[in-house]
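These are the residues of each chain, in order.
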Amino acid sequence: MTQTVKPALREVSRSVPRLEGVQKVTGAVEYIHHLRLPGMLYGKIVRSTVAHAVIVSIDSSAARDLPGVHAVVTGADVLKLVPSPYYGPAFHDQPVLALGKVHHVGEPVAVVLARDPHVADEGADLVVVEYDELPPVFDEVEATLPGAPIVHAELRPAGTFADLKHLKGKTNTNIALEAQVRHGDVAAGFALADHVFEDTFKSGQVMHATLEPMVSLAETRTGKELTIHTASQSPSFVRMEVARMLGWPENKVRVRAAFLGGGFGAKLYIKLEALVAVLALIVRRPVRIGLTMEEQFYTITKHGTTVRMKTGVTNDGTIVAREVRTWWNGGAFADVGPRVTQKSGFTAAGPYDIAHVALDSCAVYTNLPPAGAFRGFGIPQLVWAYESQADIIARRLGLDPVAFRLKNVLRDGDEHATGTIMSNAGVAACVESVARQIGWEQPFDRGTGVLRRGRGIAVGIKASISPTTSVALVTVAADGSCTLAISTVDMGQGSDTAMAQVAAETLGLRTESITVVHSDTDTTPYDMATLGSRSTYHMGHAVRLAADDARNQLLALAATYLGVPAATCGCEDGVISTGDGRSMTFRELFVARSGMQSGNVVGSGSFEPPYAKPDLATGQSKDVTPFWMIGATAVEITVDTETGRITVERMVTAGDVGRAINPAIVERQLSSAAIMALGSSLSELMVFEHGQVVNASLADYKIPSFLDIPPEIGVELIEDPHPNAPYGAKGVGESGAFAPAPAIANALEDATGVRVREMPLLPERVLRAIRAAAGTPLEDV
Amino acid sequence: MAAGRTTIRFTLNGRPASADVAPDENLIEVLQRDFALHGARVSCGQGLCGCCTVAVDGVATSGCLFLARFADGATIETIEGLADGDALDPIQTAFLENAAFQCGFCTPGFIMMTRELLDRIPDPSDDEIRHYLSGNLCRCAAYPEIIRAVRSLARA
């Protein structure tokens, strides 16, 4: 795929302020959170109080008798309307409301509907559910052992993924998917090693905590069509999945989104939409369900993960073999966990050139709340393991951690463990950047007494998920103004602005003059989803193609009316000009065509990157990803050795971005992803008792606040325009989140000599490690 | 009037207002339902995130924890009262110019809190800014840009 890149870019590479900025600072911006429909009922979900049980009975009589309650809906009511009311992107394992059994604390069992949300809340408390409890399983490794309680009697893979079909009907297992990569001969590789390192690294389960809590509304006029308004990152998928579940054609389901108050992967695929759709069809009234912050902890989370990593190294510091086994704790429903397992799993050996690699990755069902996509799509859990171990190895061999990494990193032309040849992947450039930014070679104050200081570095790699499709429409009105219709959802990452920049660059317009239509499946064409940092590359391509199409149509009109070949015309600022000094505005073209200002030019573009499906048994593929994302972080920290508290003093990030469409927004995507990742690195952890989250509140679950932000934050964009990307731009939304956690753990060892292998680095964990190393361990409580 | 409902009268963004409120309704519900003011939003519902910040008699307040009936006789100011037509308040302009937001959901709360901060401490240090705004959360983590915006407003 080639494209003509203009010698000078005018709109691309310009730090255009966000198009919707004024709306956001005045509070006027649209979120689905604010939507109220005439005659609407509020739904409140009655949730399971136990982790694993058979439902014996549901008594909703007291709730029904409460004045103001319109209806109480249970799984039995859903079954009358939908014969198989199960949904999910990878497995059809999630019932609209529990049927016969509950699989985790918080699973929706019934819904109370009322005109007044307070009445719905009160009614939900009056529904009495009797359970016959079953033994639960919570740990992702235990769940794979013989004799473990079984979460789902039978696996129900969705038809959408060919590589899951062989799992259909499989029983007596909690393993939803196993994925492998085999590269070289790992046993022979270990035989070459002078040193073998074996470590187990764990990551805790955390939650997205979008400040706009998840919310969906549905309405129907005839019972044979639906409109769903939803705070969703993937309206196209919601439409497909609701239509499939109901047995309807897609065009009977309209799904629209607005700006999102944060997404981070929480609002992906299908969440509340199936439920509100079915409720609206049952009660024939508009229905809204909006979650509380507490309910979000029971809806979707980031996988808790166990990674067992064995690495063989020679005396000179060359990594010769790596064997990794990863257990992803998917909770009670697979959501997109099997994709995380495979698509992220194949990068578990890290951004290193290793001749002999064996990777095994398994998606595991447990009785915890479901896990899915979370900024980084599993990569941060893997980087935690391989970058923690990189420092363990470097320190043991007496090598500088930066030099050790640079000796082993994948460089363009090297073969990745999947067999794909690396290209446009600036691993070394990112490592070198953060080393330079932090002043790696320079001495620094290492602290004394109680307060010790240290430095750490880490780098992560991600393959963009493939293959996925984006479609865009560019409409030019007869006055020459331009509208861009895309299903990419702006959740704060700035996609409206970036996509308008691509359209503007291509059409020769100013970005600020373009209107971006928000995702509405009746209006905006298909897009796989706003996820995995894919939009800039995939939708960027589609927008460029659509704008090119519109431009070519306008040039053809100009050629007709100016009497010169289209190829000789220029197109800038809404004016098409010939080489001999004549010109026509877009509006004049329409008037010339129709005799009046009327009509449209509609350009369309559709993009799907090339891709070679990996071999099921070996994971080998000649083209496993359209582009590689690289993110590196270096930190300088202070450790209070009496309390175990870590303070990040300086944090610097680098990301390989291809070319920044909007440098200011891209820089902030990197730095803010790193700040967000400080939460899961240092403080965020869902704490469970019997499957119940005991800290399901921002009071006890600490996301980063102003007091947690490093005083010094640096960021550098590594720009090496990607030849197959729109204007060279790669995705960047997750890159900054890859490496902070292991960088901090490495700095902790630098400061104190102790190594903590489980994230987050809670003060208690750090203190226990420090005291254990000092021979004065803290007592267990 | 439904049982238990009362009529409250208050000043809203400089104009007299009244509303018929239930005893269990908070101020945000009433601002959204009766006045179509959506800048203050309920997120955590526990007064921990600051998304619902409004000024009640000049004091920044978590509207999600403030029962609407207590607003009777009070002066309420929301983000919507800051701009004068198209002319933004200098704080809004500073947030805009410093790109001190991403998704924007927390932004009105931060701006209302910044307004109180600058009212009380016209020339805040970085530490004072951090501490004053520590009750407002930004999950997108635009914190460095917010600091820059507020700093740009400090009377040097």
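Everything numeric here is computed off the predicted structure, so don't read it as measured data.

Each value, and the rule that gives it
Residues numbered from 1 in each chain as written. Chains lettered and ligands numbered in written order. Predicted model: local features only at pLDDT ≥ 70, side-chain atom pairs only at ≥ 80, totals over all residues. Domains from an automatic or database assignment. Contact = placed C-beta atoms within 7 Å. Nonpolar A, V, L, I, M, F, W, Y, C, P; charged D, E, K, R; others polar. Helix = DSSP H or I, 4+ residues; strand = E, 2+ residues; numbered from the N terminus. Pairing = 2+ DSSP bridges. Expected span 1.5 Å × (residues − 1). Buried ≥ 20, exposed ≤ 12 C-beta atoms within 10 Å, placed from the backbone.

### Some words on the domain arrangement of chain B
Residues and elements named next belong to chain B.
Then, number 1: By the assigned domains, chain B splits into domain 1 (6–81) and domain 2 (90–153).
Then, number 2: Centre-to-centre, using C-alpha coordinates, domain 1 lies 21 Å away from domain 2.
Then, number 3: Listed as interface residues are 13 residues of domain 1 and, on the opposing side, 11 residues of domain 2.
Then, number 4: For the side of domain 1 that touches domain 2, a count of residues per class yields 8 nonpolar, 4 polar and 1 charged.

### A look at the interface of chain B and chain A
Then, number 1: Counting residues at the interface gives 40 residues for chain B and 41 residues for chain A.
Then, number 2: Listed by contribution, the elements that provide at least two residues to the side of chain B that touches chain A are helix H2 (90–97), helix H3 (107–120) and helix H5 (143–153) of chain B.
Then, number 3: In the side of chain B that touches chain A, the residues fall into 23 nonpolar, 11 polar and 6 charged.

### A short note on the environment of Asp700 of chain A
Then, number 1: Mapped onto the elements of the fold, Asp700 of chain A is located in the loop between strand S32 (692–693) and strand S33 (712–719).
Then, number 2: As for Asp700 of chain A and Gly460 of chain A, which are separated by 240 residues in sequence, their C-alpha atoms are 30 Å apart.

### Observations regarding the sheet that holds strand S9 (residues 175–183) of chain A
Residue and element names in this part refer to chain A.
Then, number 1: Here 6 strands make up an open sheet; going across it, the order is S9-S18-S17-S16-S10-S34 and the pairing mixed. The open sheet has two free edges, formed respectively by S9 and strand S34 (758–759), since each of these has just one partner strand.
Then, number 2: Summarising the sheet, strand S10 (residues 195–203) and strand S16 (residues 304–313) pair through 9 bridges and their orientation is antiparallel. Paired with Phe197 across the two strands is Thr311, which belongs to S16.

### Considerations on the domain arrangement of chain A
Residue and element names in this part refer to chain A.
Then, number 1: Here chain A is partitioned into domain 1 (21–30 + 468–607), domain 2 (32–136 + 208–296) and domain 3 (301–466 + 614–773).
Then, number 2: Distance from the C-alpha centre of domain 1 to the C-alpha centre of domain 2: 37 Å.
Then, number 3: Taken together, the contact between domain 1 and domain 2 spans 18 residues of the former and 18 residues of the latter.
Then, number 4: For the side of domain 1 that touches domain 2, a count of residues per class yields 7 nonpolar, 6 polar and 5 charged.

### A short note on helix H16 (residues 663–683) of chain A
Then, number 1: If you check H16 of chain A, its first and last C-alpha atoms are 30 Å apart, about what 21 residues at 1.5 Å a residue would give, namely 30 Å.
Then, number 2: Within H16 of chain A, 18 of the 21 residues are buried, which leaves the element mostly enclosed by the surrounding structure.

### Focus on the sheet that holds strand S2 (residues 53–59) of chain A
Then, number 1: Strand order in the open sheet formed by 3 strands is S6-S2-S8 (chain A), with antiparallel pairing between adjacent strands. The open sheet has two free edges, formed respectively by strand S6 (101–102) and strand S8 (128–133) of chain A, since each of these has just one partner strand.

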